[in-house]
Amino acid sequence: AFMASLLAGLLDCRMQTEDESGLRDILRRACAAGALAATKKGAMSSLPDRGEIDLLLQSVPENQLQPA
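Parameters at a glance
- Residues numbered from 1 in each chain as written.
- Predicted model: local features only at pLDDT ≥ 70, side-chain atom pairs only at ≥ 80, totals over all residues.
- Heavy atoms only, no water.
- Helix = DSSP H or I, 4+ residues; strand = E, 2+ residues; numbered from the N terminus.
- Buried < 20%, exposed > 50% of the residue type's maximum accessible area, 1.4 Å probe, protein only.
- Contact = heavy atoms within 4.5 Å.
- 1 Å grid on protein atoms, 1.4 Å probe; cavity = no way out; pocket = protein on both sides within 12 Å on 5 of 7 lines; lining within 4 Å.
- Points joined across faces, edges and corners; volume = space filled by probe spheres on them.
- Nonpolar A, V, L, I, M, F, W, Y, C, P; charged D, E, K, R; others polar.

Asks: Outline the overall build of the protein, listing residues and values.
Replies: Each helix and strand counted, the protein has three helices and zero strands in total. The secondary structure elements of the protein, listed N-terminal to C-terminal, are α-α-α. A burial count over the protein gives 28% of its 68 residues as buried. Long-range pairs, those at least 24 residues apart, make up 55% of the contacts in the protein between residues at least 6 apart in sequence.

Asks: Could you give me a rundown of the layout of surface pockets, with the residues and numbers involved?
Replies: Put simply, the largest pocket is a space of about 260 Å³. Lining the largest pocket we find 14 residues, and of these A4, S5, A8, R50 and I53 sit closest to its centre. Looking at the lining of the largest pocket, the elements with two or more residues in it are α1 (2–12), α2 (20–37) and α3 (50–59). A breakdown of the residues in the lining of the largest pocket according to their chemical character gives eight nonpolar, two polar and four charged.

This is the structure:
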């Protein structure tokens, strides 16, 4: 889920992340996707959709979902 979200984010911006904040946003979404997938059983059935990721990102302070 993390890798799929990361690749989707990079493809959305055509892999041109000029600024650090754009890359940080992509990585934050990827972290949220990975966190959501880890809360469910299964492989494909645990993958979150964009709506689930957006909902999590709205409910969690920005500094709590950052890549290490």
